Amino acid sequence: MKILRRALGGLLLVVAILALILWLKPPALLRVGANYAAKIVCSNVFLAGRDPQAVLNDDVQSPGIAILGFMRVSVDRERGVVRAGLLGFIGKGLAQYRYEKGCTVLPDGKLETARIAPPLPSRPPPPDDSSPWPDGAAVQTNPAVDRVLANDALAGAGVRAIVVVDHGRIVGERYAPGFHASTPLLGWSMTKTVMAGVIGLLVKDGKLSLDQAGLWPGITDGRERIRVADLLAMSSGLQWNEAYGAVSDVTSMLYLQPDMAGFASSHPLAHPVGEFWLYSSGTALILSRIAQEHASEDINDFVRRRLFEPLGMMSAIIEPDEHGTPVGSSYMYATARDWARYGQFLLQDGAWAGQDLLPVGFVAMMSTPVAASRGQYGQGQTWLWGSEPVTPGVNPDAAFGIPADTFWMSGHDGQSVAIIKSRQLVIVRLGLTPYVTGYSPQRLVQAIVQAQAINR
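Note that the coordinates shown come from a computational prediction; the quantities given were computed from them, not determined experimentally.

Next up on the list: the layout of surface pockets. The calculated volume of the largest pocket comes to roughly 1400 Å³. If you trace the largest pocket, you find 46 residues lining it, with Tyr244, Gly411, His412, Asp413 and Tyr435 closest to the centre. Only helix H2 (28–46), helix H8 (249–256), strand E12 (407–411) and strand E13 (415–420) provide two or more residues apiece to the lining of the largest pocket. It is H2 that contributes the most residues to the lining of the largest pocket, four residues altogether.

Set out below in structure tokens:
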């Protein structure tokens with residue numbers, strides 16, 4: 001019996017020592033998981049008003065990544081602080097809500113010590129609910145479209161919101177239980193397409209040009225040849241690993257780096273500039289830093305004043321890293337209707353309410369294929385195909401009869417906006433639908449296009 005007690009005591013001592021080591025110096029993978037959990041819970045609690053335990057269960061743990069199943073979170077609502085860790089204490093995950101800037105991951109643990117709310121900038125009044133969308137909030141749905149949206153197989157597992165815009169009017173909506181028209185939802189990489197629009201604003205102002213290079217002052221190792229156009233087309237030539245599920249360039253940038261753009265821009269050239277297409281969230285952060293440096297005011301104020309407010313996207317926010325750079329690769333939250341507004345803006349060639357906000361021809365450039373992508377990616381951070389091709393170089397949309405002029409905003413876990421100019425359609429689909437489910441949005445878009453044709 002004494003031997004058993006000693007053995008048990010020794011085992012407990014080993015476990016305690018191991019736990020102490022992990023707490024003092026957690027492996028990078030645990031830190032990524034903990035900061036991811038803290039960030040997702042923070043944004044959904046403070047921006048979307050959701051219950052923290054529900055967010056942990058549904059958004060962090062349900063997709064099935066094993067290590068995330070053991071994450072625990074605590075929320076300090078008074079300080080706007082969310083902490084997360086394996087079993088609650090290993091990993092030191094930390095995020096903080098910073099009012100109109102949203103939530104920020106703090107991988108170095110540097111919390112803002114004071115939480116004195118800055119004055120919010122003046123904003124236009126909310127639209128008159130009695131006016132039709134987009135000027136107001138009133139919608140008139142199409143029964144044929146409603147029948148499509150009610151089809152769970154077409155909507156896909158984990159769907160949270162669908163909005164269909166036909167000739168500038170909402171004709172169909174669907175929301176999952178617990179979500180509604182005023183719930184901000186994460187677009188993940190659809191944020192990249194919005195950041196391309198921000199670059200377009202600066203081009204129209206004459207503060208940037210697509211051919212502008214020399215973006216790294218003092219650098220003469222080849223990176224000085226990278227142009228704004230190369231970054232928009234994901235053809236910078238910079239080395240990058242976009243793999244998820246482990247500690248890669250993209251997960252390290254998003255969850256371990258206080259200065260995300262600095263980390264991305266420090267990568268060396270791996271390919272000739274402008275000749276090799278490589279999808280990279282790091283590229284989007286570099287563009288975000290360029291926008292931050294060339295705006296004549298705080299970048300958050302610039303985006304809000306010049307893009308979100310004119311379009312009426314009052315829910316939209318692109319959250320920053322610790323250096324205040326918008327995380328233009330991943331972290332825009334907006335309601336499904338506001339995502340639809342941006343899609344409609346692109347459908348209208350960058351014009352809104354009769355005013356050209358983007359340079360004439362800029363959206364056409366955004367949706368022009370990057371040759372090195374074999375036709376699947378546009379020159380301004382858009383996708384020309386709705387999902388990965390089964391056969392390289394073959395557009396999978398064609399099998400569904402989707403019009404050839406369709407282009408897409410696309411994001412992690414099933415986010416998409418299809419923009420079909422020839423049919424004057426914008427179709428927003430948001431949810432939590434991991435890639436492993438095999439869902440792709442083309443069948444939904446196909447059915448809506450067919451319903452529109454029957455209705456007309």
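When two helices pack together, you describe them by how their axes are tilted relative to each other and by the distance separating the axes. Packing of H2 against H8 brings their axes to within 9 Å, and their N-to-C directions diverge by 55°. When the axes of H2 and H8 are compared, the pair comes out oblique. Viewed along their axes, H2 and H8 form a crossing whose handedness is left-handed. Contacts from Ala28, Arg31, Val32, Asn35 and Tyr36 in H2 reach Thr251, Tyr255 and Leu256 in H8. Residues belonging to the contact of H2 with H8 are distributed by class as follows: five nonpolar, two polar and one charged.

With that settled, the discussion passes to the state of the cysteines. Enumeration over the complete set of coordinates arrives at one disulfide. Paired by a disulfide, Cys42 and Cys103 hold their sulfur atoms 2.1 Å apart. Disulfide Cys42 to Cys103: torsion about the S-S bond roughly -75°, handedness left-handed. In this pair, Cys42 sits in helix H2 while Cys103 sits in strand E4 (residues 103–105), placing the two residues 61 residues apart along the sequence.

On to the side chain of Asp413, then. Looking at the secondary structure, you find Asp413 in the loop between E12 and E13. Despite being buried, Asp413 has no salt bridge partner; Arg160 is the closest side chain of opposite charge, sitting 8.4 Å away. Within polar-contact distance, the side chain of Asp413 engages the side chain of His412 at 3.5 Å. If sequence neighbours within four positions are ignored, Asp413 has contacts with Arg429, Gly431, Leu432, Thr433, Pro434 and Tyr435.

Quick look at the confidence of the model for the chain now. For the chain, the mean per-residue pLDDT works out to 91, and 90% of the residues sit at or above 70. In this model, residues 10–24 is a region of pLDDT below 50 whose contacts with residues beyond four sequence positions or in other chains number ten contacts.

A few words now on empty space enclosed by the protein. Overall, the coordinates contain three cavities of 30 Å³ or more when judged by the stated rule. By volume, the largest cavity amounts to about 190 Å³. Of all the secondary-structure elements, those providing two or more residues to the lining of the largest cavity are H2, strand E7 (185–186) and strand E14 (425–431). Broken down by element, the lining of the largest cavity gets its largest block of residues, three residues, from H2. Of the residues belonging to the lining of the largest cavity, the class tally is nine nonpolar, three polar and three charged. By volume, the second largest cavity is sized at about 40 Å³. Lining the second largest cavity are Met234, Ser235, Ser236, Gly237, Leu238, Trp240, Phe276, Leu278, Ser280 and Thr283. Across the lining of the second largest cavity, the residue classes break down as five nonpolar, five polar and no charged.

Our focus in this paragraph is the sheet that holds strand E5 (residues 159–166). As summarised here, the arrangement of the five strands in space is E6-E5-E14-E13-E12, forming an open sheet in which the pairing is antiparallel. Across the chains shown, the open sheet's two edge strands, defined by having one partner strand only, are strand E6 (169–175) and E12. When strand polarity is set aside, the average angle formed by the axes of neighbouring strands in this sheet is 5°. Where E5 and E6 come together, six bridges link them in antiparallel fashion. Paired with Val164 across the bridge in E6 is Gly172. Taken strand by strand, helix H6 (residues 190–204) contacts E12, E13 and E14, and its axis lies near 125° from that of E12.

A word on the pairing of E5. For E5, a buried count of eight out of eight residues is recorded, marking the element as mostly surrounded by other parts of the structure. In the sheet, E5 pairs with E14 via seven bridges, with the strands oriented antiparallel. Looking across to E14, one finds that Asp166 is bridged to Leu425. Hairpin connection of E5 to E6: two residues between the antiparallel strands, including His167 at a positive phi of 50°.

In this section: helix H10 (residues 281–294). When the terminal C-alpha atoms of H10 are compared, their 20 Å separation across 14 residues agrees well with the 20 Å that a helix rising 1.5 Å per residue should span. Here H10 lies mainly inside the structure; eleven of its 14 residues are buried. Taken residue by residue, H10 has Ser281, Gly282, Thr283, Ala284, Leu285, Ile286, Leu287, Ser288, Arg289, Ile290 and Ala291 as its buried positions.

Thresholds, definitions, all that
Residues numbered from 1 in each chain as written. Predicted model: local features only at pLDDT ≥ 70, side-chain atom pairs only at ≥ 80, totals over all residues. Heavy atoms only, no water. 1 Å grid on protein atoms, 1.4 Å probe; cavity = no way out; pocket = protein on both sides within 12 Å on 5 of 7 lines; lining within 4 Å. Points joined across faces, edges and corners; volume = space filled by probe spheres on them. Helix = DSSP H or I, 4+ residues; strand = E, 2+ residues; numbered from the N terminus. Axes fitted to C-alpha atoms, helices over the stretch in contact; angles between N-to-C directions. Parallel < 35°, antiparallel > 145°, perpendicular 65-115°, else oblique. Left-handed = near helix turned anticlockwise from the far one by under 90°. Contact = heavy atoms within 4.5 Å. Nonpolar A, V, L, I, M, F, W, Y, C, P; charged D, E, K, R; others polar. Disulfide = S-S within 2.5 Å. Buried < 20%, exposed > 50% of the residue type's maximum accessible area, 1.4 Å probe, protein only. Lys, Arg positive; Asp, Glu negative; His and termini not counted. Salt bridge = Lys/Arg side-chain N within 4 Å of Asp/Glu carboxyl O. Polar contact = N/O pair within 3.5 Å; in protein donor to acceptor, adjacent residues only side chain to side chain. pLDDT = per-residue confidence, 0-100. Pairing = 2+ DSSP bridges. Expected span 1.5 Å × (residues − 1).

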